[in-house]
Amino acid sequence: MVTDVVKMLHRLLGSNIELTSLLAPALGRVKADPGQIEQVILNLAVNARDAMPQGGRLTLETRNVEIGENDAQSRDGVPHGKYVMLAVHDTGVGMDQETQTHIFEPFFTTKEPGKGTGLGLATVYGVVKQMDGAIWLRSSPGAGTTFEIYLPEVDDAHPATPSETKKSLDAAPSGTETILLVEDQDGIRDLVREFLQRKGYAVLFAVDGEDALRIAAEHKLPIHLLLTDVIMPNISGRVLAPRVKRAAPRYQGALYVGIRRAFGDESIR
């Protein structure tokens, strides 16, 4: 899974960031959704990229880890046990202790207005907790940041083979309809557009809400689906959807796509 994501990250990160991977062979098995793991890696990678505006190095690491009771104390309460560890290291600006205490809170961001929603790391936290995992952070100003994700190792009598995992990922629905994609982050927009086009869809893409309204008004053929980020500058996805419906001559439906996060028993889409 990580190997496949690395291929996409080269395009997402840009030429000024060196990408390396330290992937251990014969990892233990975990119960996890491949799409959510991909989302976790992409969110952490985008966050790392933004922390290295002048360039740097991003390293993805996987290995088997056994946490003892003393280790658990040093890992901020990660329960002792056997885990598969996924780590993302960057050489960016780092964070002070005050920032680290808020980093997983929804809508908390250190980025300037319009540059981030504050949902990326909250999403990572929610996904990891859904998988009964734990996340540990190490950072200091000027010394980069490391996120270590610990997913419990499981003893599955019927593990999925790599070919079965790939088959499940390739089984995503395909079609020929036209989708209007609205996403203000270039890298994320390009990845989503490429995936949808590989599945046969015709994709119109917009960089923000105003661009989407212009495209919707000018496009003469049917638009079957609006696929939009919820939190965007100027016009949010929730405001945009009814306006697109009015602007597009032959608009046929809407889909809000936000970031799913879970905290305890609360799940929000």
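None of these values were measured; they are calculated from a predicted model.

Colleague: What am I meant to see in the confidence of the model for the chain here?
Modeller: Interpreting fine coordinate detail is not advised for predicted regions of low pLDDT. Looking at the chain, pLDDT values average 80 and 79% of them are 70 or higher. Confidence drops under a pLDDT of 50 for residues 256–269, and excluding neighbours within four residues, the segment shows 33 contacts in the predicted structure.

Colleague: Honestly, unusual backbone geometry in this entry has me stumped. Any pointers?
Modeller: Among all residues save glycine, negative phi is the norm, and among peptide bonds the norm is trans. Located in the positive-phi region is Ala26, a residue other than glycine, with phi close to 55°. Positive phi is not limited to glycine here, since Asn234 has a value of about 70°. Note on placement: Asn234 falls in the loop between strand E8 (225–228) and helix H9 (237–247). Overall, the relative accessible area of 72% leaves Asn234 in the exposed class.

Colleague: Even after reading the chapter, I still don't get the sheet that holds strand E3 (residues 81–90), so can you show me in this structure?
Modeller: By definition, the strands of a sheet pair up through backbone hydrogen bonds, in either a parallel or an antiparallel sense. Spatially, five strands are ordered E1-E2-E3-E5-E4 in an open sheet, and the strand pairing comes out mixed. Edge positions in the sheet fall to strand E1 (17–23) and strand E4 (134–139), since each has one partner strand and no second. Across the sheet, the mean angle separating the axes of adjacent strands is 15° when strand polarity is ignored. One ladder, built from seven bridges, connects E1 with strand E2 (residues 56–67); its direction is parallel. Its bridge partner lying in E2, Leu19 is registered against Leu58. Running at roughly 175° to E1, helix H1 (residues 2–13) makes contact with E1, E2 and E3 of the sheet. Contacts from helix H5 (residues 120–130) reach E4 and strand E5 (145–152), with the element oriented near 140° to E4.

Colleague: Where do I start with the packing of helix H2 (residues 34–50) against H5 in this structure?
Modeller: In helix packing, the relevant descriptors are the interaxial angle and the interaxial distance, both defined with respect to the helix axes. Contact geometry for H2 and H5: axes closest at 9 Å, N-to-C directions at 150°. Between H2 and H5, the angle falls in the class roughly antiparallel. In this structure, H2 meets H5 at a crossing whose hand is left-handed. Here H2 contributes Gln36, Gln39, Val40, Asn43, Leu44 and Asn47 to the contact with H5, which in turn contributes Gly120, Leu121, Thr123, Val124, Val127 and Gln130. Of the residues that constitute the contact of H2 with H5, the class distribution is five nonpolar, seven polar and no charged.

Colleague: Hey, could you run me through the pattern of salt bridges in this one?
Modeller: Summed over the entire model, instances satisfying the criterion amount to nine salt bridges. Between Lys7 and Asp4 there is a salt bridge, and its shortest N-O distance comes to 3.9 Å. Note that Lys7 and Asp4 are positioned in helix H1 at a spacing of three residues, about one turn of the helix. Judged by its relative accessible area of 43%, Asp4 falls in the partly exposed class. With a closest N to O distance of 2.6 Å, Arg214 and Asp211 form a salt bridge. Taken together, the residues Arg214 and Asp211, both in helix H8 (residues 209–218) and three residues apart, mark about one turn of the helix. Residue class for Arg214 comes out partly exposed when judged on its relative accessible area of 42%. A cluster of three or more residues bridged by salt bridges with shared partners is formed by Asp211, Arg214 and Glu218.

Colleague: Mind showing me how you'd approach the packing of aromatic side chains here?
Modeller: Aromatic ring pairs: the centre-centre distance and the angle between the two ring planes describe each pair. Within the structure shown, the criterion is met by one aromatic pair. Where Tyr83 meets Tyr150, the ring centres are 5.7 Å apart and the plane angle is 80°; that geometry is what we call edge-to-face. Here Tyr83 is found in strand E3, whereas its partner Tyr150 is found in strand E5, with 67 residues between them in sequence. Considered together, Tyr83 and Tyr150 belong to a single accessibility category, that of buried residues. Directly above the ring of Phe205 sits Arg193, whose terminal nitrogen or CZ lies 4.3 Å from the centroid.

Colleague: What should I look at first to understand the nonpolar core in this one?
Modeller: Across soluble globular proteins, you tend to see nonpolar side chains buried next to one another. Counting 35 residues, the largest nonpolar core has Leu9, Ile41, Leu44, Leu58, Phe147 and Ile149 as the members making the most contacts within it. Elements with a contribution of two residues or more to this core: H1, E1, H2, E2, E3, H5, E4 and E5. The biggest single contributor to this core is H2, with eight residues. Among all residues touching Leu44, those that are not within four sequence positions of it are Val88, Leu121, Val124, Phe147 and Ile149.

Rules used in this analysis
- Residues numbered from 1 in each chain as written.
- Predicted model: local features only at pLDDT ≥ 70, side-chain atom pairs only at ≥ 80, totals over all residues.
- Heavy atoms only, no water.
- pLDDT = per-residue confidence, 0-100.
- Contact = heavy atoms within 4.5 Å.
- Helix = DSSP H or I, 4+ residues; strand = E, 2+ residues; numbered from the N terminus.
- Buried < 20%, exposed > 50% of the residue type's maximum accessible area, 1.4 Å probe, protein only.
- Pairing = 2+ DSSP bridges.
- Axes fitted to C-alpha atoms, helices over the stretch in contact; angles between N-to-C directions.
- Parallel < 35°, antiparallel > 145°, perpendicular 65-115°, else oblique.
- Left-handed = near helix turned anticlockwise from the far one by under 90°.
- Nonpolar A, V, L, I, M, F, W, Y, C, P; charged D, E, K, R; others polar.
- Salt bridge = Lys/Arg side-chain N within 4 Å of Asp/Glu carboxyl O.
- Phe/Tyr/Trp six-rings, centres within 6.5 Å; stacked < 30°, edge-to-face > 60°.
- Lys NZ or Arg CZ within 6 Å of the ring centre and 35° of its normal.
- Core = buried A, V, L, I, M, F, W, Y, C linked by side-chain atoms within 4.5 Å.

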